Structures are given as structure tokens and as C-alpha cells.
Amino acid sequence: MLMSRGAGLAPAQWGAGGAFSPERGRWRLAERKGAVLPSPSDAAGSAAATPGAEAARGSGAWLRLAAEARSVSRSGFASPGMAAGVPSDALGRRVACGTDHATVRYVGSVPPTAGVWLGVEWDDPQRGKHDGTYEGTQYFKCQHPRGGSFIRPNKANFGVDFLTAVKDRYGMSNEQGGTENALVFGKKTVEFVGMDSIAEQQRQLNQLVDVSVRECAVSHAGQKEEIGRTCANIRHIDLTKNLISSWETVTAIASQVQNLETLDISENKMKFPSTSASVSSVFSKLRILALNRTGITWTEVLLCAPGWPALEELYLTSNDITVLERPGDDVLQTLKLLDLSDNHLLDGNQLHLIAHLPRLEQLILRNTGISSICFPDAGFGCKTKMFRSLKHLAINENKISQWSSINELDKLPSLRSLQCHNNPCMDTEKNPETLRQLIIAKISQLEVLNKSEILPAERKGAELDYRKIFGSDWLAAGGNWNPEKNKPSEEFLAAHPRYPSLCLKYGAPEEGELKGREPVTLKNQLLTLTIKCPENPEQKPVEKKLPESMTIQRVKGLLYRLLKIPGSELKLSYQSSKLEGKEVELDNDLKPLQFYSIENGDCVLVRW
């Protein structure tokens, strides 16, 4: 059956502007006894050039098809009505020239040369030659002094519509054979070839859920409502590194995708709204949005954000964002993840402006230039009211030089995971294992550090070592075993805000624990330990000298020879001679005795 576009003609027959394409639909007019396939030029020319045209003209169908065929322009270049092959809206448009992308800043003549030129500002300044000035006349401006140049319009690709890119990417734009379909007009027959394969393509497009048209030169939405009719089930779209010039184009595409959940339009330098607009339902179901390398500012984010009522993840890397603003109470309230990496924020205090997003669980601040973090609303040992839901924080590759910023992170009430490597303060400790233990001891609720899980035994060892290492400083600053006399200075508490809580957890350090280590020799590396079996009193206590570097696994091997009990059945713990009543489990077979801060005179308890 012959149908007009509005009646449901398969989209595979339509070009970039939605116009019928004779090369793709392969329609023909035929005599009953002999079919003739006209050339594309005949199809787009006069209807009278083909036998049987008078009959088709009576129905009006032929005229519509011929007119639509003349309007086909799949290349993205101008139609014949556009002078010198330049679109009427070329100024500000994104173009591709080979593998390079640019923005059109000027359209017109450049004397003394003849013809039309495009003045473009290249994304890669190394591709340019000047700043828009030629022989003393400035035709346009560039951010980089050598970021611009002139090219002829025929060298610029202005892109294609979204649906054309989808068909090209998924191999649905080639001509395909199929059964013939015919319709009789009077004594003549109009036949369509390939309708069955087109219908199959339609079904395949309708099944698409995840669509990627990365680097497909997409520049516009195309025919209105055509995307919705053709790809009704799309949920996730990757539009990265295309030729999209404005947020309006993104909205025009998304408005035809009713259930859009994920949208990545990174690496498209585009214009965003400069004033607040009426809120629409276009992005009502959008959960994940990536706007990396788009040139968006935080102010523009807040102007667009009311249209993202369900947004959970927002990626804004490499946008030169320097200043933040506090979002309104009706903006970004559902946001769980925010990535601001590779934006150079003015200072850490900018974070206070986004600290009250109620559901923010993950904040990524890699390489943002921040040098300090502070939550002034909370004192030592207290929790801040900022970032109440924050569980995961990444501050790696920044300029944090003081350990006080790491101390501040213990104020975050929900923090569980931290990435903080490659900061100047980390350079103060050369041993990476010691550095890790310091951070673990300083942040009480941390469960994952630099993508490595913190096991309970590791936390115990880190906290006991921290308590011991800084015990002398604690005493010198006014610390005391007697609670009534325990008054450490403000300076000490500022440097070690967790120390009082560690004393409550493990007891204040005894004087004997705080004696300096003797020079390292084989003799003083041996620990004199008493081995007891509390649940088997018939087994008499045994005193052994063990190297402090001996792992728990090797200790179990020694006990197997002593007790004839397999190491896999043994459970070890120890009691410090200086901490009465406290028992620490030795639950990591790969750790040495010194990891648990075991000392001479301590007692190892063995159970099975």
C-alpha cells in the first residue's frame, strides 16, 4: 500500500529532514506488463517525465512524493537555496573538518580573495593560524591567539540529524531487496521494492534501548516526532563528541524519547540558557547526565537543573568551573553523585555552597586545585551538619598540604570511602604502609581507603600504633592517665582530634609503652611472650622468644608443633601487660606480630 509519511511510511525511506528518499525506498512507476525503474534525477524532476504520471497526479500522491524527493539533503550541507552551500544559521554552528572540530565565528568574504569563507575557532588551537585577524582586519575573536583560521564551506561538515546517525551506526541505511508492493492507479501500477526489509528495519530500530552515536557528526534533531515514532524504546543515549551547538538541540532530541534515563553529551561545546526558562517534562525520567567538556558553568547548571527533577548522577568534568553557588531548595534534591574533577575551584570553601544537597552520597573532586578542607560548624570530635549523606569522597591529585584537612574528614558523619593519594601532605611520610595507617587512625568510620578495603584487624593495629606513637606528645601537651588531670592543649587536639577517643577505646598509654625504641639488632627484635591456653588449663603456660616480624601464620605453625592442633583450627589473641582486661584478636594470618603492637611480656592466648 502506498502511504504518505503521516500515514506511517517506514522511516528507513526518509532522509535527514524526514523527506522521502527515492534512492532508499526504490519506488517505481510501471506498466502492468513491464516495470521501469527511473533514475533519481527523473524521480526528483517533472512527474510528466514518467509514464503514468497523469494517473498518479489525480490522486495527489505523486506530486507529494516528487516534492519531498526534491527536498532530500542527508549530508547536512545547505539546500540549493542557501548561498555558497552555507546554512542560514551557520554562525555559531559546530563543524567538523576531517577529524578536527571547530565553531563557526564568521561567514562572509575575506578581501582580496573571492567567494565565501568560514572563519572558525578550532577546539585544538594548534590547528589554527591566527586570532581571527587577517591583513589588519579582525573578522572574529578567539580565546587562543592562534586558535582561528578560514576555510571554504565545502571543507566543513555541518553534520546530520540524530536518526540518520542511528541508522548509519547500526547498519540500517543501506539499500536492501525484498518483495514488491504495488498499487493500481487507473490502468497503471505504482510498485514499491524493499518494503518488507524496511518494515524489518523499523522493528529493529524500535527494539533499541541503548544507543551510541559517538563521533557521528550529529548536529540536529531532524524531522519533528520522527525519533519517537522510529525508536520508541530508547532509554540510554551516548551523544559524545558530535556537532551539537546548543542545549536546545539536546532538548529537541530528548523531547522525542519519552523514557530517557541516561544521557551523555560530553565533548560537545555548546551554548546553554543564560536565563531561567519554564520547566518542562522533557527530562522528567532522566537519572544520569554527563556534561563533561561542554563549557557549561555552574550558574548554567542551576538554570537547567529545575528541568531534571529525578537526576541522580551529574558529571561535569573539565569545564573550567571555578565558582559554585548554593542550589535552591527545589534544585538537585535527588542528586546522589556529583563529579567536578578537573575544574579548578577557587578554594575549598566553595564546597560549603553544595554541602546541603540532602541526598549527595558521592562527591568526586579529583584535580580541582583545592588546598584545604574545613567544616567550621563542628569542633574537635564532633560531626558536621554539612554533607550529611556523603559516603564516598575523592580528593586525589589536589594541593592539600596540611594533615588538618584529613582530620576534618572525620567530622563527616557518613563517610565510608576515601581517595586522597597524590596530595603534598602525603609526601611527609615516605613509608606507604605507615601513611595508610595514619589516615585510617585519623578517620574513625572509614571502610575503604584508596580503593582498598580496611579490615577490622588493620584498623585495630593502626589505631593502637597511632595511640602509641603520639603518646609522648600527648603527655607533653598535658595528657594524663588520671581523668581529672587529663587536659591536653588545644594545639595537640587540633593536630590529633581523635586521640581522646582512642584513649577511651584502648585506654591511655602507659609510660612503659612510650619509651623510645632501642637500636635495631637481632636481640631486641625478639619478643618474649607467654603462650597460654585459657580453655585448656591442663596445658601449662610456655614462654617463647619470637621475632617481631614473625607472621601470625608462622606462629600458628609453631603452635601446631607444640600443641599438635592444626593451624586452621587455632584462634589467637593477645593481652598486653599494660592494658589489663583488654584482649586484641590476631585475626590476619599475613600480618606480623609488630603490626598488632605486641611487646615483651605480653601474653598470647590460644583457643581451638
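Criteria and cut-off values
- Residues numbered from 1 in each chain as written.
- Predicted model: local features only at pLDDT ≥ 70, side-chain atom pairs only at ≥ 80, totals over all residues.
- Heavy atoms only, no water.
- Axes fitted to C-alpha atoms, helices over the stretch in contact; angles between N-to-C directions.
- Helix = DSSP H or I, 4+ residues; strand = E, 2+ residues; numbered from the N terminus.
- Parallel < 35°, antiparallel > 145°, perpendicular 65-115°, else oblique.
- Contact = heavy atoms within 4.5 Å.
- Nonpolar A, V, L, I, M, F, W, Y, C, P; charged D, E, K, R; others polar.
- Pairing = 2+ DSSP bridges.
- Salt bridge = Lys/Arg side-chain N within 4 Å of Asp/Glu carboxyl O.
- Buried < 20%, exposed > 50% of the residue type's maximum accessible area, 1.4 Å probe, protein only.

Considering the packing of helix H11 (residues 432-442) against helix H12 (residues 456-469)
Argument step 1. Here H11 crosses H12 at 90 degrees, and the two axes come no closer than 8 Å. On the basis of their axis angle, the class for H11 and H12 is roughly perpendicular. Contacts from Glu-433, Arg-436, Gln-437, Leu-438, Ile-440, Ala-441 and Lys-442 of H11 reach H12 at Glu-458, Arg-459, Ala-462, Glu-463, Asp-465 and Tyr-466.
Argument step 2. Grouping the constituent residues of the contact of H11 with H12 by class yields five nonpolar, one polar and seven charged.

Some words on the sheet that holds strand S13 (residues 236-238)
Argument step 1. Read from one edge of the open sheet, eleven strands run S11-S13-S14-S15-S16-S17-S18-S19-S20-S21-S22, paired in mixed fashion. The open sheet has two edge strands with one neighbour each: strand S11 (210-212) and strand S22 (452-453).
Argument step 2. Where strand S16 (residues 313-315) lies against strand S17 (residues 337-339), three bridges are found, and the strand directions are parallel. Note on S17: the bridge partner recorded for Tyr-315 is Asp-339.

Quick word on the pattern of salt bridges
Opposite charge on two side chains permits pairing when their charged atoms draw close.
Argument step 1. Scanning all chains against the criterion turns up 23 salt bridges.
Argument step 2. Lys-383 is paired through a salt bridge with Asp-410; the nearest N and O atoms lie 3.9 Å apart. Taken together, the positions of Lys-383 in the loop between strand S18 (362-364) and strand S19 (392-394) and Asp-410 in the loop between helix H10 (403-408) and strand S20 (417-419) put the pair 27 residues apart, joining distant regions of the chain.
Argument step 3. The salt bridge partner of Arg-607 is Glu-583, with a shortest N-O separation of 2.8 Å. Within this pair, whereas Arg-607 is found in strand S27 (residues 603-607), its partner Glu-583 is found in strand S26 (residues 583-585), the two being separated by 24 residues in sequence.
Argument step 4. Overall, the relative accessible area of 38% leaves Glu-583 in the partly exposed class.
Argument step 5. Through salt bridges that share partners, Arg-459, Glu-463, Arg-498 and Lys-505 make up one connected network.

What to know about unusual backbone geometry
Argument step 1. Here the amide bond leading from Pro-111 into Pro-112 is cis, since omega sits at 5 degrees, within 30 degrees of zero.
Argument step 2. Tracing the backbone shows Pro-112 in the loop between strand S3 (100-108) and strand S4 (117-122).
Argument step 3. In this structure, Ser-318 takes a positive phi of about 55 degrees despite not being glycine.
Argument step 4. Its place among the elements puts Ser-318 in the loop between S16 and S17.
Argument step 5. Accessibility expressed as a relative area gives 22% for Ser-318, which makes it partly exposed.
Argument step 6. Even without being a glycine, Phe-387 presents a positive backbone phi close to 50 degrees.

Keep in mind these values describe shape, not function.
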